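# Summary of structural features
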Amino acid sequence: QVQLVESGGGLVQAGGSLRLSCAASGSIFSINAMGWYRQAPGKQRELVARISSGNSTMYAYSVKGRFTISRDNAKNTVYLQMNNLTPEDTAVYYCYFNIVLVPSAGVTGYWGQGTQVTVSS
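In short, a report on the structure. On a predicted model such as this, the values are computed, not experimentally measured, just so you know.

Definitions and limits used
Residues numbered from 1 in each chain as written. Predicted model: local features only at pLDDT ≥ 70, side-chain atom pairs only at ≥ 80, totals over all residues. Heavy atoms only, no water. Helix = DSSP H or I, 4+ residues; strand = E, 2+ residues; numbered from the N terminus. Rg over C-alpha atoms; globule rule 2.2 N^0.38 Å. Buried < 20%, exposed > 50% of the residue type's maximum accessible area, 1.4 Å probe, protein only. Lys, Arg positive; Asp, Glu negative; His and termini not counted. Charge placed at Lys NZ, Arg CZ, Asp CG, Glu CD. 1 Å grid on protein atoms, 1.4 Å probe; cavity = no way out; pocket = protein on both sides within 12 Å on 5 of 7 lines; lining within 4 Å. Points joined across faces, edges and corners; volume = space filled by probe spheres on them. Nonpolar A, V, L, I, M, F, W, Y, C, P; charged D, E, K, R; others polar. Contact = heavy atoms within 4.5 Å. Core = buried A, V, L, I, M, F, W, Y, C linked by side-chain atoms within 4.5 Å. Pairing = 2+ DSSP bridges. Axes fitted to C-alpha atoms, helices over the stretch in contact; angles between N-to-C directions.

Quick look at the overall build of the protein now. Helix and strand counts for the protein come out as zero helices and 11 strands. Helices and strands in the protein line up, N terminus first, as β-β-β-β-β-β-β-β-β-β-β. Compactness check: the protein gives a C-alpha radius of gyration of 14 Å against a globular reference of 14 Å for 121 residues, within 12% of the reference. With respect to the three principal axes, the spread of C-alpha positions in the protein is 50 × 25 × 25 Å. Burial analysis of the protein (121 residues in total) assigns 40% to the buried set. A gap of 5 Å separates the mean positions of the 9 positive and 5 negative side-chain charges of the protein.

Quantified by volume, the largest pocket comes out at close to 160 Å³. Partitioning the lining of the largest pocket into residue classes produces two nonpolar, three polar and four charged.

This part covers the side chain of Ser21. Its location among the elements puts Ser21 in strand E3 (residues 18-25). Contacts of Ser21, omitting those with residues within four sequence positions, involve Val5, Glu6, Ser7, Trp36, Val78 and Tyr79.

A separate point is the nonpolar core. Judged by nonpolar contacts, the single largest core of 31 residues is most densely connected at Trp36, Val78, Leu80, Met82, Tyr93 and Phe97. Those elements giving two or more residues to this core turn out to be E3, strand E4 (30-39), strand E5 (46-51), strand E7 (67-72), strand E8 (77-82), strand E9 (91-100) and strand E11 (115-120).

We now examine the environment of Tyr61. Residue placement: Tyr61 occurs in the loop between strand E6 (57-59) and E7. On the accessibility criterion, Tyr61 (79% relative accessible area) is exposed. For Tyr61 and Val48, which are 13 residues apart along the polypeptide, the C-alpha to C-alpha distance reads 8.6 Å.

All right, on to the sheet that holds E8 then. Across the sheet, four strands lie side by side as E1-E3-E8-E7; this open sheet has antiparallel pairing. Strands with a single pairing partner mark the edges of an open sheet, and in this sheet they are strand E1 (3-7) and E7. With strand direction ignored, the average angle separating the axes of adjacent strands in the sheet is 15°. One ladder, built from six bridges, connects E3 with E8; its direction is antiparallel.

Written out as structure tokens, the structure reads:
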């Protein structure tokens, strides 16, 4: 059974920084893409950043230049460094992994439990 555990959320003032982490545990053969999504109250969940198995990255326009996604394959972990935070970044942040459990299997998606990020003005 695979579990994704997130950490690093919290309350920060505008202009501050936070670093989110998400680690996968369990019987895993490999992890393809990893990503971070967020959902603000009353809004749909949106993609924030994504990193491929080859370390190609993409970002939502609203966070480009402020957020950095990275991964540590040895630790099955993805990070999201968030700088120059604004109140508009307030949301629950979720990690998402595309995981191959066994070599002959396809890819299965897994979500983290979510971590609250609150940015005060």
